[in-house]
Amino acid sequence: MDENKILVLSGDGVGPEAVDEVKKIINFFNKKKILNIAIEEDLVGGACIDEHNVPIKDETIENAKKSDAVLLGAVGGPKWDNLPFDKRPEQGLLRLRSDLELFANLRPAISFDPLIHASSLKPEIIKGLDILIVRELTGGVYFGKPRGIEDLGNGQRRGINTQVYTTDEIKRVAQVAFELAKKRKKILTSVEKSNVMESGKLWKEEVEKLGKIKYPNIDLKHMYADNCAMQLIRNPKQFDIILTDNLFGDLLSDAAAMLTGSLGMLPSASLGKINNGNYSSGLYEPVHGSAPDIAGKNIANPIATILSFSMMVFYSFNNQNLSKIIDKSVKKVLDNGFRTEDIMDKESKKVGTKEMGDLITKEIEKNF
Ligand code: IPM
Ligand code: MG
């Protein structure tokens, strides 16, 4: 069996303990020869700053490029909050995204029936919710130049960031979204602020053009980002795939995530170019952050990281069946009433991070 080399960057806060639970699943797959995964580990974020004074090393980036996939825990924490931008833990993650050209970020927001009461919205509004946000990840205001803080010399300073998109940057991420739409409900909502921003106007025009030429069978809709935020809370099931830029995608994916009850449940995949039908060096990480307040206490929810690994199996290893088994096993454990603290309700049985990982691994084992 071909070996899959994965780079594990568990990072800060709850990252390492969530990643540990994924390793249990990987060990089982390796032992049973279901997969042949070789793990290499390295530092990112605050953990790397403490050790090497940079949020990620050049050699780690090179190693990531050579790997079949990267699994990332989380980065950041109050300890490193006062560092300048280019030295902050988040920079490690942003460099990985940018240097590996992972321009398409897939963030599913799926509501699990047993957790329907964990949402702040009414059950009927979110029951069966299954939307996918495709967020552009290597452009826009996150990377646009000029940027910085200028001293205007009169006691005033000016902070500058630039929202910028080129035709190609828009087209390549739109293409990923259209292709995914073909395999889902064939509805795609493209989101921008073309009423205010030139970059948004270009976004809309390019997506429209690509849709007309290459994807006439996809029902393409356009929506302003502020309206989209409102519609997500009002009636989220009207959406199937939302395609949007880096900044709007950051905001809308947090909102969409919370519809499902807990950020602790949601995975993500960041994908780049396709080589021989497989995405090259995809990066897989939970949508939640490092949650330093609960780190090291065995209470964090490892499910988002486990589901991120499932996305890796799906997109990077092209093994849809195995990915389904992981997802189903997570669902089964929830159906059986086990919960970590963040998704706890009165009737359920509370378990810690490790126990949740064990339960899911055992459930997976039953399939083989
Ligand atoms: C996310 C996070 C990151 C972002 C941070 C940690 C840099 O919020 O992945 O959504 O803003 O993209
Ligand atoms: Mg975010």
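Computed from a predicted model, the values in this text were never measured in an experiment. (Residues numbered from 1 in each chain as written. Chains lettered and ligands numbered in written order. Predicted model: local features only at pLDDT ≥ 70, side-chain atom pairs only at ≥ 80, totals over all residues. Heavy atoms only, no water.)

Draft legend 1. Spatial organisation of helix 6 (residues 167-182). Compared with an ideal rise of 1.5 Å per residue, which puts 16 residues at 22 Å, helix 6 spans 22 Å between its outermost C-alpha atoms and is within 8% of the ideal. Among the residues making up helix 6, those that are buried are E169, I170, V173, A174, V176, A177, F178, L180 and A181. (Helix = DSSP H or I, 4+ residues; strand = E, 2+ residues; numbered from the N terminus. Expected span 1.5 Å × (residues − 1). Buried < 20%, exposed > 50% of the residue type's maximum accessible area, 1.4 Å probe, protein only.)

Draft legend 2. Structural detail: the domain arrangement of the protein. Entries for the protein in the domain assignment read domain 1 (1-103 + 272-368) and domain 2 (111-260). Computed from C-alpha coordinates alone, the two centres of domain 1 and domain 2 are separated by 24 Å. The interface is formed by 15 residues belonging to domain 1 together with 14 residues belonging to domain 2. The junction of domain 1 with domain 2 conceals about 1,500 Å² of combined surface from both sides, 72% of it contributed by carbon and sulfur atoms. Where domain 1 packs against domain 2, one counts 1 salt bridge. Ionic pairing is found between E101 and R172, a salt bridge with its closest N-O pair at 3.7 Å. Linking domain 1 with domain 2 are 2 residue pairs in polar contact (both at pLDDT 80 or more). (Domains from an automatic or database assignment. Contact = heavy atoms within 4.5 Å. Buried area = accessible area lost by both parts, 1.4 Å probe. Salt bridge = Lys/Arg side-chain N within 4 Å of Asp/Glu carboxyl O. Polar contact = N/O pair within 3.5 Å; in protein donor to acceptor, adjacent residues only side chain to side chain.)

Draft legend 3. The arrangement of the site of ligand 1 in detail. Close contacts around ligand 1 come from E90, R97, R107, R135, Y142 and D250, and that covers them all. Contact between ligand 1 and R135: an oxygen atom at 2.9 Å from a side-chain N or O atom of the residue. One of the side-chain nitrogen or oxygen atoms of D250 is found 2.8 Å away from an oxygen atom of ligand 1. In isolation ligand 1 has 320 Å² of accessible area, and contact with the protein removes 75% of it. Here the residues of the shell around ligand 1 sort into 1 nonpolar, no polar and 5 charged. (Near = heavy atom within 4 Å. Areas by Shrake-Rupley, 256 points an atom, 1.4 Å probe, with all protein chains shown as cover. Nonpolar A, V, L, I, M, F, W, Y, C, P; charged D, E, K, R; others polar.)

Draft legend 4. Representation of the sheet that holds strand 14 (residues 282-286). The strand order 2-1-3-14-11-4-5-10-8-9 describes an open sheet built from 10 strands, whose pairing is mixed. Each having just a single partner strand, strand 2 (37-42) and strand 9 (219-224) make up the two edges of the open sheet. Neighbour-to-neighbour, the strand axes of the sheet open up by a mean angle of 20 degrees, direction not taken into account. Sheet analysis places strand 1 (residues 4-11) next to strand 2, joined by 6 bridges and oriented parallel. The residue of strand 2 that forms the bridge with L9 is D42. The sheet strands contacting helix 9 (residues 246-259) are strand 4 (104-110), strand 5 (130-136), strand 8 (187-192) and strand 10 (241-244), and the helix crosses strand 5 at an angle near 160 degrees. Running at roughly 35 degrees to strand 11 (residues 267-271), helix 10 (residues 303-315) makes contact with strand 1, strand 2, strand 3 (69-74), strand 4, strand 11 and strand 14 of the sheet. (Pairing = 2+ DSSP bridges. Axes fitted to C-alpha atoms, helices over the stretch in contact; angles between N-to-C directions.)

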